[in-house]
Amino acid sequence: MSSPTIAPWSADQVTALAPDKQVATAGLKLASPATWSDAGVHEALVWGSASGSGKKPYRVCVDLSGPAFTCSCPSRKFPCKHAVGLLHLWSRGQVADRGTGRLRRRVAGGPGQASPAEGRAAGGRGPAR
Ligand SMILES: [Zn+2]
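Residues numbered from 1 in each chain as written. Predicted model: local features only at pLDDT ≥ 70, side-chain atom pairs only at ≥ 80, totals over all residues. Heavy atoms only, no water.

Got a minute to help me understand the environment of aspartate 20 in this structure?
Looking at where aspartate 20 falls in the secondary structure, it is placed in the loop between α1 (11–17) and α2 (21–30). Measuring from C-alpha to C-alpha, the distance between aspartate 20 and cysteine 80 comes to 9.9 Å, with 60 residues separating the pair along the chain. A distance of 2.8 Å separates a polar side-chain atom of aspartate 20 from the backbone nitrogen of valine 23. Separated by 3.1 Å, the side chains of aspartate 20 and lysine 77 make a polar contact. (Helix = DSSP H or I, 4+ residues; strand = E, 2+ residues; numbered from the N terminus. Polar contact = N/O pair within 3.5 Å; in protein donor to acceptor, adjacent residues only side chain to side chain.)

Just checking my understanding: could you explain the environment of alanine 44 for this structure?
For alanine 44, the location among the structural elements is in the loop between β1 (36–42) and β2 (45–50). Judged by relative accessible area, alanine 44 falls into the buried class, the value being 18%. With residues up to four places along the chain from it excluded, the contact list for alanine 44 reads Ile6, Val62, Asp63, Leu64 and Ser65. (Buried < 20%, exposed > 50% of the residue type's maximum accessible area, 1.4 Å probe, protein only. Contact = heavy atoms within 4.5 Å.)

Shown next, in the form of structure tokens:
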């Protein structure tokens, strides 16, 4: 028993999320598999690392059920071009479904301090009694 991964949106739906035309265009440019590493999708969560101009890749995580976006880049745009780019990649079926917990753990415990939205949403571990 596993929850189905959300069916990819159309490119138009992704573009509609962009706060302005600049982000929409830049997002499209980023929607290339070469830009991304560790990209994955599971249920309502899409994540990936985008190589940018900096030394460290930007870690992006999108919760499709919100939708909610997190990215480690300094952009003030919301969502930023990385989130839009990642969603374009996903809408084209170029993000692999990680149905197992393996990659999730890798995302949460991987290098870099940016934790995916999921971790924040889950809150603490609950009281140990
Ligand atoms: Zn970003």
